[in-house]
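Residues per chain are reported as follows:
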Amino acid sequence: MTSRSMALQLDTKDPLAKYRDEFMIVDQALCYLDGNSLGRMPTETANVVDQYLRTEWATKLVSGWSDWIDEAQSVGDLIGRASLGAAAGQMLCVDTTSMNFYQLCCAAVDARPDRKTVITDTANFPTDRYILEGICKQRGLKLVVEVLNDDVALVSLSVIQYRSGVLHDVAKLTQLARDAGALFVWDASHAVGVVPMQYDRDNIDLAVGCTYKYGNSGPGSPAWLYVSHRMQSELQVPIQGWFAQNDQFAMAQGFDRTTGMRGFQVASPSIIGMRCVTTAFSMIERAGLSAIAQKAAQGTELMLALHDAWLAPLGFSVVTPRDSKRRGGHISVRHHDAQKVSEAMRIFGNVIGDFRQPDCIRLAISPLPTSYVEVFDGFERIRDLVVTKKYLEVGEASSRVT
Ligand SMILES: Cc1ncc(COP(=O)(O)O)c(C=O)c1O
């Protein structure tokens, strides 16, 4: 596994290799191993947005809204079909993950008014933990990391833990919560577009996620939320916006919530953003999630082999599970000088991963744009930066963003 010719051979045999050509890759020498944070740009996205601006916004002006008004639902359905195993009518593509998470978690705890406990995990993504803290504070609920009991209204975890890369058993944990009478809200931001999920088959009730990681839809692209058919009439989100109004354009007094997924929508969606999502998720649908997941498993396997051969002797260790069924597209490695190594990778190595406190570097394969040889070269450069101690030459971090 540690020869470059073997990585090249993996690329030759890779059924997804052709998709790399559908991305705009400006610097061919860059090893971009951070597609779990922000995906690369599909070249077609620039054409689609340009076309939208010229032939729709500029041309149709406000009349365009007749065509655009329900796009949050149709683009949501595409995300559900391409990546979540969700039949139509259970998705919206709208707002941000944080906003959608707040909306669904409030709806869930409000649907269990006699229960006073919410469960999450200290390793969960910060925005989720902070939002849950806020919801609990507003409603006088307890936020704990304990076991299920009959006081629990809501459990929330990430499908893949952002730092460690651990993949949870979504079906099993959802069922455990259901058996205890609690609702489960999943944050699938690090899983969508790389881990095959089957929400309908696995009886998932509620989930949110972003589109800018393996979804390749661009910085701040609209997020999504999923509410299963069976939960739609039981739950109501706290922000009662006009898009959820039954007869929206009657503009009447009093909120009269419509049925179905539009009843979960607050406001005007970003049409430009959704065109980026449509382009990128159509590519995911064409490539197929099972081929994507297979490449993620093989690519992370290559990373682990390179880690063991080159990085472990230099003081690195692996945080992510070695069983490919328990991880997604990224691995996380630990090193006592991780922050400096990560910075040096960008500055001296032309390799991009990311640093996560206190001592982790995350490295990802995004199966559509990343090649195996890109992974190989990236790891070789990391090794060389540490062997030569070149990484010690980096100064203070140059950005607030790590
Ligand atoms: C698991 C997870 N949840 C939520 C978010 C926050 O997303 P946003 O800032 O788009 O609301 C992120 C961002 O990286 C994330 O990784």
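Residues numbered from 1 in each chain as written. Predicted model: local features only at pLDDT ≥ 70, side-chain atom pairs only at ≥ 80, totals over all residues. Heavy atoms only, no water.

### Overview of the overall build of the protein chain
Argument step 1. If you tally the helices and strands in the protein chain, you get eleven helices and 13 strands.
Argument step 2. Its C-alpha atoms give the protein chain a radius of gyration of 22 Å, near enough to 21 Å, the size a compact globule of 402 residues would have.
Argument step 3. Seen through its principal axes, the protein chain has C-alpha atoms that stretch 70 × 55 × 40 Å.
Argument step 4. Considering only contacts within the protein chain whose residues lie at least 6 apart along the sequence, 73% involve residues at least 24 apart. (Helix = DSSP H or I, 4+ residues; strand = E, 2+ residues; numbered from the N terminus. Rg over C-alpha atoms; globule rule 2.2 N^0.38 Å. Contact = heavy atoms within 4.5 Å.)

### Structural notes on the site of the ligand
Argument step 1. For the ligand, the full set of nearby residues is Thr96, Thr97, Ser98, Phe125, Thr127, Asp128, Asp187, Ser189, His190, Tyr212 and Lys213.
Argument step 2. With respect to the ligand, the backbone of Thr97 contributes an N or O atom lying 3.5 Å from an oxygen atom.
Argument step 3. In this structure, His190 approaches the ligand through a side-chain N or O atom, which is 3.4 Å from an oxygen atom.
Argument step 4. Contact with the protein chains covers 82% of the free accessible surface of the ligand, which is 400 Å². (Near = heavy atom within 4 Å. Polar contact = N/O pair within 3.5 Å; in protein donor to acceptor, adjacent residues only side chain to side chain. Areas by Shrake-Rupley, 256 points an atom, 1.4 Å probe, with all protein chains shown as cover.)

### Some remarks on the pattern of salt bridges
Argument step 1. Under the definition given, this model contains 24 salt bridges.
Argument step 2. Put simply, Arg275 and Glu56 hold a salt bridge, and the shortest N to O gap is 2.5 Å. Note that Arg275 is positioned in helix H8 (residues 271-287) and Glu56 in helix H2 (residues 43-60), a separation of 219 residues in sequence.
Argument step 3. With a relative accessible area of 13%, Arg275 lands in the buried category.
Argument step 4. Note on Glu56: relative accessible area 14%, which makes it buried.
Argument step 5. Lys390 is paired through a salt bridge with Glu393; the nearest N and O atoms lie 3.0 Å apart. (Salt bridge = Lys/Arg side-chain N within 4 Å of Asp/Glu carboxyl O. Buried < 20%, exposed > 50% of the residue type's maximum accessible area, 1.4 Å probe, protein only.)

### So, the pairing of strand E5 (residues 152-158)
Argument step 1. Burial of E5 is extensive: seven of the seven residues sit out of reach of the surface.
Argument step 2. Pairing of strand E3 (residues 117-119) with E5 involves three bridges; the strand directions are parallel. By the bridge assignment for E5, Val118 is matched with Leu154.
Argument step 3. Where E5 lies against strand E6 (residues 183-187), five bridges are found, and the strand directions are parallel. From the neighbouring strand, Val155 faces E6, where its bridge partner is Phe184. (Pairing = 2+ DSSP bridges.)

### Quick notes on the packing of H2 against H8
Argument step 1. Packing of H2 against H8 brings their axes to within 9 Å, and their N-to-C directions diverge by 145°. In the packing of H2 onto H8, the handedness of the crossing is right-handed. Contact residues: Glu44, Thr45, Val48, Val49, Tyr52, Leu53 and Glu56 in H2; Ile271, Ile272, Arg275, Cys276 and Thr279 in H8.
Argument step 2. For the contact of H2 with H8, the class distribution of residues is seven nonpolar, two polar and three charged. (Axes fitted to C-alpha atoms, helices over the stretch in contact; angles between N-to-C directions. Left-handed = near helix turned anticlockwise from the far one by under 90°. Nonpolar A, V, L, I, M, F, W, Y, C, P; charged D, E, K, R; others polar.)

### Description of the sheet that holds strand E7 (residues 206-209)
Argument step 1. Ordered in space as E2-E8-E7-E6-E5-E3-E4, the seven strands form an open sheet in which the pairing is mixed. Each of the sheet's edge strands pairs with one partner strand only, and the pair in question is strand E2 (91-93) and strand E4 (142-144). Ignoring which end each strand starts from, the neighbouring axes of this sheet average 15° apart.
Argument step 2. In the packing of helix H6 (residues 126-139) onto the sheet, the strands contacted are E3, E4, E5 and E6, and the crossing angle to E4 comes to about 150°.

### Quick notes on the sheet that holds strand E12 (residues 354-356)
Argument step 1. Ordered in space as E9-E10-E13-E12, the four strands form an open sheet in which the pairing is antiparallel. Looking at the sheet topology across the chains shown, the edges are occupied by strand E9 (317-318) and E12.
Argument step 2. Bridging between E12 and strand E13 (residues 360-364) involves three bridges; their strand directions are antiparallel. Bridge pairing in E13 places Asp354 opposite Arg362.
Argument step 3. The strands touched by helix H9 (residues 289-311) are E9, strand E10 (330-334) and E13; relative to E10, the strand with the most contacts, the crossing angle is about 20°.
Argument step 4. Most of the contacts of helix H10 (residues 338-349) go to E13, to which it runs at about 40°, and overall it touches E12 and E13.

### Quick notes on the pairing of strand E8 (residues 224-227)
Argument step 1. Burial of the side chains of E8 extends over both faces: Trp224 and Tyr226 are buried on one face and Leu225 and Val227 on the other.
Argument step 2. Judged from the three bridges that link them, E2 and E8 form a sheet pairing that is antiparallel. For Leu92, the partnering residue across the bridge sits in E8 and is Leu225.
Argument step 3. The pairing of E7 with E8 spans four bridges and is classified as antiparallel. Residue pairing across strands places Val208 opposite Leu225, the latter belonging to E8.

### What about the domain arrangement of the protein chain?
Argument step 1. Each domain of the protein chain was delimited in the assignment, giving domain 1 (4-42 + 288-393) and domain 2 (69-287).
Argument step 2. Distance between the C-alpha centres of domain 1 and domain 2: 29 Å.
Argument step 3. Listed as interface residues are 37 residues of domain 1 and, on the opposing side, 27 residues of domain 2.
Argument step 4. Taking both sides of the interface into account, the surface hidden between domain 1 and domain 2 amounts to around 2500 Å²; carbon and sulfur atoms contribute 60%.
Argument step 5. For the pair domain 1 and domain 2, the interface holds one salt bridge.
Argument step 6. A salt bridge links Arg286 to Glu22, with the nearest nitrogen and oxygen atoms 3.0 Å apart.
Argument step 7. Linking domain 1 to domain 2 there are 14 residue pairs in polar contact (both at pLDDT 80 or more).
Argument step 8. When residues of the side of domain 1 that touches domain 2 are traced back to their parent elements, those giving at least two are H9, E10 and E13.
Argument step 9. Among the elements that line the side of domain 1 that touches domain 2, the one with the most residues is H9, at five residues.
Argument step 10. Of the residues contributing to the side of domain 1 that touches domain 2, the split by class is 18 nonpolar, twelve polar and seven charged. (Domains from an automatic or database assignment. Buried area = accessible area lost by both parts, 1.4 Å probe.)

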